[in-house]
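Here is what each chain is made of, one letter per residue.
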Amino acid sequence: MSNVTMDKIVNLCKQRGIIFQGSEIYGGMGNTWDYGPVGVEIKNNIKRAWWKRFVQEDPNTYGVDAAILMNPRVWDASGHTQNFSDPKMDCKSCKQRFRADNLIEDHSKGKVSAEAMTNEQMEEYINENKVKCPHCGNFNWTNIRQFKLMFETSRGTLDGEKDVVYLRPETCQGEYVNFLNVQRSMRAKVPFAIAQIGKSFRNEITPGNFIFRTIEFEQMELQMFCKEGDGFNIYDSYKERARQFLLDINFSEDHLKFHDHDKLAFYAKAACDIFYLFPMGWSELNGIHHRSTHDLSRHQEFSGKSMAYLDPVTNEKYIPTVIEYSIGADRLMLAVLTEAYHEETLENGESRVVMKFHPAIAPYKVAVLPLQKNINEKAIELYQKLCKKFPCIYDEAGSIGKRYRRQDEIGVPFSVTIDFDTLEDNTVTVRDRDTMEQIRIHVDELEKYIEERIQFN
Ligand code: GAP
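Every chain is numbered on its own, with residues counted from 1 as its sequence reads. Confidence filtering applies because this is a predicted model: local features only for residues at pLDDT of at least 70, side-chain atom pairs given and counted only at 80 or more, and all residues used for totals across whole chains, interfaces and linings. Side-chain calculation: all heavy atoms of the structure are included, whereas hydrogens and water are not.

Draft legend 1. Region of the structure containing the pattern of salt bridges. A pair is scored as a salt bridge if a Lys or Arg side-chain nitrogen falls within 4 Å of a carboxyl oxygen belonging to Asp or Glu. Taken as a whole and judged by the stated rule, the model has 36 salt bridges. Here arginine 99 and aspartate 86 are joined by a salt bridge, their closest N and O atoms 3.5 Å apart. You can see arginine 99 sitting in strand 5 (residues 97–99) and its partner aspartate 86 sitting in strand 4 (residues 85–90), a full 13 residues away along the chain. With respect to class, arginine 99 is no different from aspartate 86; both count as buried. Between arginine 243 and glutamate 253 there is a salt bridge, with its nearest N and O atoms 2.8 Å apart. Of this pair, arginine 243 sits in helix 9 (residues 231–248) while glutamate 253 sits in the loop between helix 9 and strand 11 (256–260), and the two are ten residues apart along the sequence. Salt bridges linked by common partners bring Glu344, Glu350, Arg352, Lys356, Arg405, Asp408 and Arg431 together as one network. Secondary structure elements follow DSSP: runs of H or I of four or more residues count as helices, runs of E of two or more count as strands, with numbering from the N terminus. Burial classes: relative accessible area under 20% of the type maximum marks a residue as buried, over 50% as exposed, and values in between as partly exposed (1.4 Å probe, protein chains only).

Rendered as structure tokens:
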């Protein structure tokens, strides 16, 4: 991440087909973003890497894909219908709306945490410190009001008869309500985890720093069900696993830090976030929570179904404790883009932007580039062969230097050039994105060469 700013990332994303503004031709729609052809490949690779690490490679973790629309009683049990709201203040001059806790944290440059403050304490801080509107600069606030974050919709069967349903604000409830289904169908023994990746929706008001905070986003969540006595060990192990995952997809250790929560929910035993050094500063990337038996107990209470687990060895019957690990796929995408972004000055004085993604995260693994137009038949043949194995891109437009720059900007780890010698001896030049070194190899060795270098383990 050299000299990276949010503007540079947003511009690159638009220019290179990574992320576009949602509904752009209609003037956009606040806090929504569309992934383009390159972006969707990167995000899918992020999700694949996460699933591989936490589900595929862990025999005690089971995946699900639960419905977005759930029985509204789920949200009563989870507490969302009563409590899921943010403290908002409106600027009476420019009519913009802000989260009071964000105003305080931004004003104090992160030195004051509003996490444990009441609404009265937040108002007091804002008035005493004359915190101004970040949009128009005036000091002209309404009082704090609680703003509901769940999107409501309705399910109507007959005209006039409508039941309120909610777009889920988190995916984990689909994991809790399937605890017994998964345990019984998979003959799972505690401790075991349920994971899923899926869309969540929150009526967020605060402008969101690109894809950092949006109203529609994907979460990758995992709930580990365990015995109460094992809770803290498992909590610690997920803190480490979450950190190691980030290091393994090329994050620098210096850009990550743990942040323990100052204030815990009444049922929680421990909670921490991993913060990442985003372009706008240190902010939450993911959370790891020790949630005690709260979630399953609440679902037992509200559904009337026993959530108890019977230990087949000891015959003990108990409600399992939950350790949750939760990370937003879009927020991780922003962190991956930030981490990968590099500006370099080349030996000839020119500069390049290069996205140094882990090869498993890169949108395409290989770019096939014919050096001259009249040898493109051979190049297309090679491209068609390679894209049966991994995502590839073909580019024959412009000078070879410009084509390398384009591939660097979307982080393609290997560029393969085909020239007249290729027609003679079936060898090609392979250029490494990061070192820019070039080697000559036989086309028959190409697949193996690339395959060995793009794995995520
Ligand atoms: N089930 C627990 C839960 O949802 P959270 O801290 O509200 O906890 C977990 O969300 C993660 O989801 C966050 O750490 C963040 O990565 C992501 N996330 C939450 N709200 C988001 C939003 N509005 N836009 C993008 N990502 C969001």
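Draft legend 2. Structural context of unusual backbone geometry. Put simply, valine 190 and proline 191 share a cis peptide bond, and its omega is 5°. Following the sequence through the fold, proline 191 ends up in the loop between helix 8 (179–185) and strand 9 (192–201). Phi is positive for lysine 95, which is not a glycine, with a value near 70°. In this structure, lysine 95 sits in the loop between strand 4 and strand 5.

Draft legend 3. View of the sheet that holds strand 19 (residues 366–370). By this definition, two strands are paired if DSSP reports at least two bridges between them. Read across the sheet, five strands follow the order 20-19-21-22-23 without closing on themselves; strand pairing throughout is mixed. Of all the strands in the sheet, the pair left with one neighbour each is strand 20 (392–394) and strand 23 (438–442). Neighbour-to-neighbour, the strand axes of the sheet open up by a mean angle of 25°, direction not taken into account. Where strand 19 lies against strand 20, three bridges are found, and the strand directions are parallel. Bridge pairing in strand 20 places valine 368 opposite tyrosine 394. Those strands touched by helix 12 (residues 376–386) are strand 19, strand 20, strand 21 (414–418) and strand 22 (427–432), and its axis lies near 165° from that of strand 20. Contacts: residue pairs with any heavy atoms within 4.5 Å of one another. A fitted line through C-alpha atoms serves as each axis, taken over the contacting stretch for helices, and the angle formed by two N-to-C directions is quoted from 0 to 180°. Across the sheet, helix 13 (residues 400–409) is in contact with strand 19, strand 20, strand 21, strand 22 and strand 23; its angle to strand 19 comes to roughly 170°.

Draft legend 4. Looking closely at helix 10 (residues 294–303). Among the residues of helix 10, His294, Asp295, Leu296 and His299 are the ones counted as buried. Looking one or two residues beyond helix 10, the residue adopting positive phi is glycine 304, at roughly 75°.

Draft legend 5. Main features of the packing of helix 2 (residues 37–56) against helix 9. It is the contact of helix 2 with helix 9, at a shortest axis distance of 11 Å, that shows an interaxial angle of 140°. Comparing their axes, helix 9 and helix 2 come out oblique. Considering how the two elements wind past one another, helix 2 and helix 9 form a crossing that is right-handed. The residues of helix 9 that touch helix 2, namely those facing Ile46, Ala49, Trp50, Arg53 and Phe54, are Tyr238, Arg241, Ala242, Gln244, Phe245 and Asp248. By the convention adopted, Pro, Cys, Tyr, Trp, Phe, Met, Ile, Leu, Val and Ala count as nonpolar, Lys, Arg, Asp and Glu as charged, and the other residues, Gly among them, as polar. Classifying every residue of the contact of helix 2 with helix 9 by side-chain character gives seven nonpolar, one polar and three charged. Should an angle lie under 35 degrees it is considered roughly parallel, over 145 roughly antiparallel, and from 65 to 115 roughly perpendicular; all remaining angles are considered oblique. Should the near helix be turned anticlockwise from the far one by less than a right angle, the crossing is termed left-handed; should it be turned clockwise, right-handed.

Draft legend 6. Spatial organisation of helix 11 (residues 329–340). The span one expects for a helix is its residue count, reduced by one, times 1.5 Å. For helix 11, which comprises twelve residues, the first-to-last C-alpha distance of 16 Å matches the rise-based estimate of 16 Å (1.5 Å per residue) to within 8%. Among the twelve residues of helix 11, twelve are classified as buried, and the element is accordingly described as predominantly covered. Buried within helix 11 are the following residues: Ala329, Asp330, Arg331, Leu332, Met333, Leu334, Ala335, Val336, Leu337, Thr338, Glu339 and Ala340.

Draft legend 7. Layout of the site of the ligand. Residues are classed as near a molecule or strand on a simple rule: at least one heavy atom within 4 Å of it. Among the 18 residues in the neighbourhood of the ligand, the closest are listed as Glu170, Arg202, Glu221, Glu284 and Leu285. Between the ligand and the protein, one listed contact pairs an oxygen atom with a side-chain N or O atom of glutamate 284 at 2.5 Å. Protein contacts shield 90% of the accessible area of the ligand, which totals 550 Å² for the unbound molecule. For the shell around the ligand, the secondary-structure elements that each account for two or more residues are strand 10 (216–226), strand 13 (281–290) and strand 16 (321–328). Per-class residue counts for the shell around the ligand are five nonpolar, five polar and eight charged. Contacts described as polar in this section are N or O atom pairs within 3.5 Å, which, within protein, must combine one atom able to donate a hydrogen with one able to accept it, while residues neighboring in sequence count only if both atoms come from side chains. Areas reported here follow the Shrake-Rupley algorithm with a probe of radius 1.4 Å; residue values treat only the protein chains shown as occluding.

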